[in-house]
Amino acid sequence: MYQVLLAEDEKLIRQGMKHLIEQVVGGFKVMWEAENGRRALEIMQIERPDLLVTDIRMPAIDGLELIHRIRRQPSDIPVIVISGYDDFAYAKKAMKFGVRHYLLKPLEPSEMAQALAEVRGELEARRPSPAAVDETKLIA
């Protein structure tokens, strides 16, 4: 099960996104929720989520600044951005910071499913493969 940090300032949207993340593809659990980027950074100083899902426009610290600060640290955490703004400048900046997906609200479940499936594949590829059996220790 991959652990997700969800940063979204609107509580109802956050609840809907949590349900979508946990139910659409499977294998993901929203372990932490943040109402803004500042709170998300506080959480990430203590915890290490496998995936960050963040809104762009939030109070205190917005999603782009959150991603920028995360990327200044040694972190290759995958990021999915959810935005109500179809603004190329936001998307361009997000991609510069290595965001995996930039999805627009209202979320289409199929788009979220595809994004989560791709991230899950990436996370699975990072896992170390099981150690090969040492045949010299096998008894004939």
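Quick caveat: nothing in here was measured; it's all calculated off a predicted structure.

Undergrad: So what exactly am I meant to see when it comes to unusual backbone geometry here?
TA: When glycine is set aside, most residues are seen to have a negative phi, and most peptide bonds are trans. Cis geometry is adopted by the peptide bond preceding Pro106, which originates at Lys105 and carries an omega value of -5°. Locating Pro106 in the fold gives a position in the loop between strand E5 (101–104) and helix H5 (109–126). In this model, Ala60 sits at a positive phi of 70°, which is unusual for a non-glycine residue.

Undergrad: Help me understand the packing of helix H2 (residues 37–46) against helix H3 (residues 63–72), please; the structure alone is not making it clear to me.
TA: Interhelical geometry of H2 versus H3 gives an angle of 25° and a closest axis separation of 9 Å. Overall, the two elements H2 and H3 adopt an arrangement that is roughly parallel. When the axes of H2 and H3 are compared, the crossing they make is right-handed. Counted together, Gly37, Ala40, Leu41 and Met44 of H2 and Leu66, Arg69 and Ile70 of H3 form the full contact between these two elements. Residue classes in the contact of H2 with H3 are distributed as five nonpolar, one polar and one charged.

Undergrad: How should I be thinking about the packing of aromatic side chains in this particular structure?
TA: To describe a pair of aromatic rings, you give the distance between the ring centres and the angle between the ring planes. Under the criterion given, the structure shown has two aromatic pairs. When the ring of Tyr2 is compared with that of Phe28, the centres are 5.9 Å apart and the planes differ by 40°; the resulting orientation is tilted. With Tyr2 in strand E1 (residues 2–7) and Phe28 in strand E2 (residues 28–34), the pair connects residues that are 26 residues apart, well separated along the chain. Exposure remark for Tyr2: the relative accessible area of 6% places this residue in the buried category. When the ring of Tyr85 is compared with that of Tyr90, the centres are 6.1 Å apart and the planes differ by 70°; the resulting orientation is edge-to-face. Classification of Tyr90 by relative accessible area gives partly exposed; the value is 21%. Positioned over the ring face of Tyr85 is Arg57, at 4.8 Å from the centre of the ring.

The rules behind the values
Residues numbered from 1 in each chain as written. Predicted model: local features only at pLDDT ≥ 70, side-chain atom pairs only at ≥ 80, totals over all residues. Heavy atoms only, no water. Helix = DSSP H or I, 4+ residues; strand = E, 2+ residues; numbered from the N terminus. Axes fitted to C-alpha atoms, helices over the stretch in contact; angles between N-to-C directions. Parallel < 35°, antiparallel > 145°, perpendicular 65-115°, else oblique. Left-handed = near helix turned anticlockwise from the far one by under 90°. Contact = heavy atoms within 4.5 Å. Nonpolar A, V, L, I, M, F, W, Y, C, P; charged D, E, K, R; others polar. Phe/Tyr/Trp six-rings, centres within 6.5 Å; stacked < 30°, edge-to-face > 60°. Buried < 20%, exposed > 50% of the residue type's maximum accessible area, 1.4 Å probe, protein only. Lys NZ or Arg CZ within 6 Å of the ring centre and 35° of its normal.

Geometric values such as these leave the question of function open.
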